[in-house]
Amino acid sequence: MAKITIYHNPDCGTSRNTLAMIRQSGEEPAIIEYLKTPPSRATLVSLLERMELRPRDLLRRKGTPYDALRLDDPQWTDDALIDVMIAEPILINRPIVVTPLGVRLCRPSQAVLDILPNPEIGAFTKEDGEIVPARIRKPGDRST
């Protein structure tokens, strides 16, 4: 089995759906409940680099202190935004999934299929009833 890690919030439907898709692919990932065990600064920087995202791209606004901290102010530097995400991990958007094929913020949850070693999970029904159609990887397709 491939080494897969999910930075997970069990209270988030998108995160739960992503975890279920990983499991339906035949993998049991390492689960990091990042609100209980936030990533280190070095880990967060590495994840951002591997996803090719800037810190502002990973900020979560809904249900967070984003507005109270005025994080939309362009004066916030990338380093300062990383520091605030470490201090307030609820600001880190989720789920982030790491596989041998890449690292991705899986919003929507079916984005995880692009980086799973076995994305052929059949049709999948999300918690809200939305159906994700079956996906078949063509020979030579190694999307990251």
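The following refers to the structure shown. Counting of residues starts from 1 at the beginning of each chain's written sequence and follows it residue by residue. Only residues with pLDDT of 70 or above have their local features reported here, since the model is predicted, and side-chain atom pairs are shown and tallied only from 80 upward, although totals for entire chains, interfaces and linings are computed over all residues. Side-chain figures throughout are based on the complete set of non-hydrogen atoms in the structure, without hydrogens or water.

1. Quick look at the packing of helix H2 (residues 41–51) against helix H4 (residues 78–87)
Next, step 1: With axes taken as lines fitted to C-alpha atoms, and helix axes fitted only over the stretch in contact, angles between N-to-C directions fall between 0 and 180 degrees. Only DSSP runs of H or I covering at least 4 residues are called helices, and only runs of E covering at least 2 are called strands; the numbering of each starts at the N terminus. Where H2 meets H4, the axes come as close as 10 Å, and the angle between the chain directions of the two elements is 120°. Taken as axis vectors, H2 and H4 run oblique relative to one another. Viewed along their axes, H2 and H4 form a crossing whose handedness is right-handed. Judged by residue contacts, Arg41, Leu44, Val45 and Leu48 of H2 engage Asp79, Ile82, Asp83, Met85 and Ile86 from H4. Oblique is the label for any angle not covered by the other classes, which are roughly parallel (under 35 degrees), roughly antiparallel (over 145) and roughly perpendicular (65 to 115). Take the far helix as your reference; a near helix turned counterclockwise from it by less than a right angle gives a left-handed crossing, and one turned clockwise gives a right-handed crossing. Two residues qualify as a contact provided that any one of their heavy atoms is within 4.5 Å of a heavy atom in the partner residue.

2. Thoughts on the side chain of Asn93
Next, step 1: In this fold, Asn93 is placed in the loop between H4 and strand S3 (96–99).
Next, step 2: Once you skip the residues sitting within four places of it in the chain, Asn93 turns out to touch Leu58, Leu59, Arg60, Leu105 and Arg107.

3. A few points about the environment of Val97
Next, step 1: Note that Val97 resides in strand S3.
Next, step 2: On a C-alpha basis, the gap between Val97 and Leu53 in space is 14 Å, while along the polypeptide they are 44 residues apart.
Next, step 3: With residues near it in sequence (within four places) discarded, Val97 still touches Ile4, Thr5, Ile6, Thr18, Ile22, Gly102, Val103, Arg104, Cys106, Val112 and Ile115.

4. Quick word on the pairing of strand S2 (residues 30–33)
Next, step 1: Only when DSSP finds a minimum of two bridges between them are two strands counted as paired. Here strand S1 (residues 5–8) runs beside S2; their pairing, made up of four bridges, is parallel. Each bridged residue has a counterpart across the sheet, and for Ile6 the counterpart in S2 is Ile31.
Next, step 2: Handedness of the S1-helix H1 (residues 13–24)-S2 crossover: right-handed. By definition, the crossover connecting two strands over a helix is right-handed if that path, from the first strand to the second, turns clockwise as seen with the strands pointing away from the viewer.

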